[in-house]
Amino acid sequence: SGSVRTSSDTMNYASIVRVLALIMLILAGSALLPTLVAAIAGETDQVVAFVVMATGITVLATSVLLLTPKPERKARPSDALAVVIIWWFVAPFAAALPFVLGVPDRSLLHAIHEAASCLTTTGHTVVLTEGSSWPASLVVWRGILHILGGLASITTAASVLAAINLGGPGIHRTVLFTVPETSFFDAVPRVARAVFAMMIICIIVLLGLLIMSGVPFPRALSDSVSAITTGLVDPYALGRRALPPFPNLILGAGLIVGALGLAVWLPLKDRKPRAALMDPETLVFLFLIAAFATLVIPIGVSLGDGVAWALSDLSTSGLTFTNSPVRESIPLPILVLPSLIGGSALSAAGGVKIARLIVLGRRADQEFRQLGYRRSVLGFRFRDRDLDERSVIGVWVYLIAYIVAVFVMMIGFSFLSLPFEETIRLSIGGLTNSGALLLGHTDNLDGGTTGLLILSMLLGRLEILAVIPALSPSFWRG
């Protein structure tokens, strides 16, 4: 006997297409500021590129909204997951045109990489420019894409991933989101607005503090956006001299806030600084900074430089806090380890995420405590939520999928005749969205390497497990 598929079990394509069109209109509207900057700076090629891009996206998205009928039934979390997956793979193509016109590098693939790198807050660049100068409008566009990407990442984690329980209960859940009784998409804008407001407030506060400490406005702005989105807006930031000590401390504090995301934003919004400081992810993040800084002391790195490196690595940002060539002196296995761990589960930082390590650590502690008391019944909690075996299994499955993804990417890069160390940097740099940190500014990647790096960045931003359902035809049928 065969099963009968009802209309409520099938994919809600009308909702998916209309929501995608609305999001693309936001992307088109975001091009207004860099267009104005290009016009003021006399960057004619960029003006043309931004106008053509925005017009094309607007016409296409508006046509979709006009031609697609309004959905007749409620959207589900799986419909939202489909929107997330499609958007991440479509947006880099839509945002790439400005990186083609007005620069010596005419490679469309490099331009797509640049857009994907900014949207995923990886910050890595492969676009070749004249000398070390970028058109001002393109740097602004990079910053806007970082903000959009960070917003999309945190909103997705706090709504879509929370609803479908990827990573285990409690990993992505916040007070901002509850599954609505109406269409799933009705609740997501509220989360996005709250996240955007908190993100912009953090950027403005950090910008003001940096300016008051004597940092020039252009650098203060790019560093503020970089810190809160845990990316690298200035494509040549790795080669700059570090800021003086006081503004460096301010920027470091801003990066900690950015790497912890909603774990500290929500308590601070509610005027509960103690709750933000005592959050488990905050405590473990600070502990890991100290642990990694201590770990590299035996190889000749000072404690201050070690703390600066550990903070930059754990946040997967690549921001430079020291003029010493610390990264060049650290062995590769140690260098990549902080990036693999990453920041908070509710931030734009990449990596496995600290929350998952906390869950596994508490489960291990439970096992050790039960060794001497076999008949005892012990539980463990995360953010005031009781976690069960399903939570642990979900985390283990994620870790296994992440490890497999790293090895698959390494194999893929090795088939492109790359050195072993380079395959490690590319695969982990892409999947942890820390490419700027592990790769620097590289403009000599061939087409195959660039394409695979784009894929790895997108998989990392989707947290890998979110892509697995898309590989099944049954997901798209319902």
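Conventions used here
Residue numbers run consecutively from 1 along every chain, following the written order of its sequence. In keeping with the model being predicted, local features are shown solely for residues with a pLDDT of at least 70 and side-chain atom pairs are shown and tallied solely at 80 or more, while totals for entire chains, interfaces and linings include all residues. Hydrogens and waters are ignored; side-chain quantities use all the structure's heavy atoms. Secondary structure elements follow DSSP: runs of H or I of four or more residues count as helices, runs of E of two or more count as strands, with numbering from the N terminus. A helix is expected to span 1.5 Å multiplied by its residue count minus one. Each residue is assigned a bend, namely the angle between axes fitted to the seven residues that terminate at it and the seven residues that start at it. Throughout, exposure labels follow a simple rule: accessible area from a 1.4 Å probe, protein chains only, divided by the maximum for the residue type, with under 20% read as buried, over 50% as exposed, and the rest as partly exposed. The pairing test for Phe, Tyr and Trp rings, Trp by its six-membered ring, is centres within 6.5 Å, and the orientation test on the planes gives stacked under 30 degrees, edge-to-face over 60, and tilted for anything in between. A 3.5 Å cut-off defines polar contacts: any pair of N or O atoms within that distance qualifies, except that in protein one atom must be a possible hydrogen donor and the other a possible acceptor, and neighbouring residues in sequence count only when both atoms are side-chain atoms. Residue contacts follow a heavy-atom distance rule, with two residues in contact if any of their heavy atoms lie within 4.5 Å. A pair is scored as a salt bridge if a Lys or Arg side-chain nitrogen falls within 4 Å of a carboxyl oxygen belonging to Asp or Glu. To obtain an axis, a line is fitted to C-alpha atoms, over the contacting stretch when the element is a helix, and the angle between two such axes runs from 0 to 180 degrees between their N-to-C directions. We call two directions roughly parallel when the angle between them is under 35 degrees, roughly antiparallel when it is over 145, roughly perpendicular when it lies between 65 and 115, and oblique otherwise. Polar here means any residue other than Ala, Val, Leu, Ile, Met, Phe, Trp, Tyr, Cys and Pro, which are nonpolar, and Asp, Glu, Lys and Arg, which are charged; Gly is therefore polar. Nonpolar side chains (Val, Leu, Ile, Met, Phe, Trp, Tyr) are joined into patches within 5 Å and like charges within 9 Å, using only residues with over 30% relative accessible area and no salt bridge. Accessible surface is estimated by sampling points in the Shrake-Rupley manner with a 1.4 Å probe; for residues, cover comes only from the protein chains shown. Crossings are assigned a handedness: left-handed for a near helix turned anticlockwise from the far helix by less than a right angle, right-handed for a clockwise turn.

Caption draft 1: Local environment of helix α4 (residues 77–94). With 18 residues, α4 should reach 26 Å at 1.5 Å per residue; the first-to-last C-alpha distance of 25 Å fits that figure. Most pronounced at W88, the bend in α4 amounts to some 30°, and the proline P92 follows within four residues. Counting buried positions along α4 gives 13 out of 18 residues, so the element sits mostly inside the fold.

Caption draft 2: Focus on the packing of aromatic side chains. For the coordinates displayed, the defined rule picks out 6 aromatic pairs. Arranged with centres 5.5 Å apart and planes meeting at 80°, the rings of F50 and W141 form a pair that is edge-to-face. With a gap of 91 residues between them, F50 in helix α3 (residues 44–67) and W141 in helix α6 (residues 136–164) connect regions that are remote in the sequence. Considered together, F50 and W141 belong to a single accessibility category, that of buried residues. A ring pair is formed by F292 and W309, whose centres lie 6.2 Å apart and whose planes are at 85°; its orientation type is edge-to-face. In this pair, F292 sits in helix α12 (residues 280–295) while W309 sits in helix α13 (residues 303–314), placing the two residues 17 residues apart along the sequence.

Caption draft 3: Quick look at unusual backbone geometry. Even without being a glycine, R271 presents a positive backbone phi close to 60°. Along the chain, the position of R271 falls in the loop between α10 (262–269) and α11 (273–278). Judged by its relative accessible area of 76%, R271 is exposed. Positive phi values are uncommon outside glycine, yet E463 reaches one of about 60°. Structurally, E463 can be placed in the loop between α20 (447–461) and α21 (473–477).

Caption draft 4: Layout of the side chain of S344. Mapping S344 onto the fold places it in the loop between α15 (332–341) and α16 (354–370). Here E281 takes part through its side chain, which lies 3.0 Å from a polar atom of the side chain of S344. Look past the residues within four positions of S344 in its chain and what remains in contact with it is A259, L260, A263, E281 and K353.

Caption draft 5: Seen up close, the environment of I403. By the secondary structure assignment, I403 is in helix α17 (residues 389–414). Taking C-alpha positions, I403 is 25 Å from L283, a pair spaced 120 residues apart along the chain.

Caption draft 6: Region of the structure containing the pattern of salt bridges. In total, this model carries 9 salt bridges according to the counting rule given. Measuring nitrogen to oxygen at the nearest pair gives 3.5 Å for the salt bridge that ties K353 to E463. Remark: E463 occurs in the loop between α20 and α21 and K353 occurs in the loop between α15 and α16; sequence separation between them is 110 residues. Comparing K353 with E463, the two get one shared label, buried. Members of the salt-bridge network, linked through shared partners, are R219, D223, D234 and R240.

Caption draft 7: How the structure looks around the packing of helix α7 (residues 188–212) against α10. Contact geometry of α7 with α10 gives a least axis separation of 11 Å together with a crossing angle of 85°. Between α7 and α10, the angle is such that the two are roughly perpendicular. Facing α7, whose interface residues are V195, M198, M199 and C202, α10 presents L262, W265, L266 and K269. In terms of residue class, the contact of α7 with α10 is built from 7 nonpolar, no polar and 1 charged.

Caption draft 8: Expanded view of a nonpolar patch on the surface. Residues I201, V205, L209 and M212 make up a contiguous nonpolar surface patch of roughly 410 Å² in combined accessible area. Its location among the elements puts V205 in helix α7. A residue is classified by how much of its surface remains accessible, and V205, at 48% relative accessible area, is partly exposed.

Caption draft 9: Structural context of the packing of helix α9 (residues 245–260) against α12. Close contact between α9 and α12 brings their axes to 11 Å; oriented N to C, the two are set at 130°. Classified by the interaxial angle, the pair formed by α9 and α12 is oblique. With respect to the hand of their crossing, α9 and α12 are arranged in right-handed fashion. Of the residues in α12, those in contact with I256, A259 and L260 of α9 are E281, T282, F285 and L286. Grouping the constituent residues of the contact of α9 with α12 by class yields 5 nonpolar, 1 polar and 1 charged.

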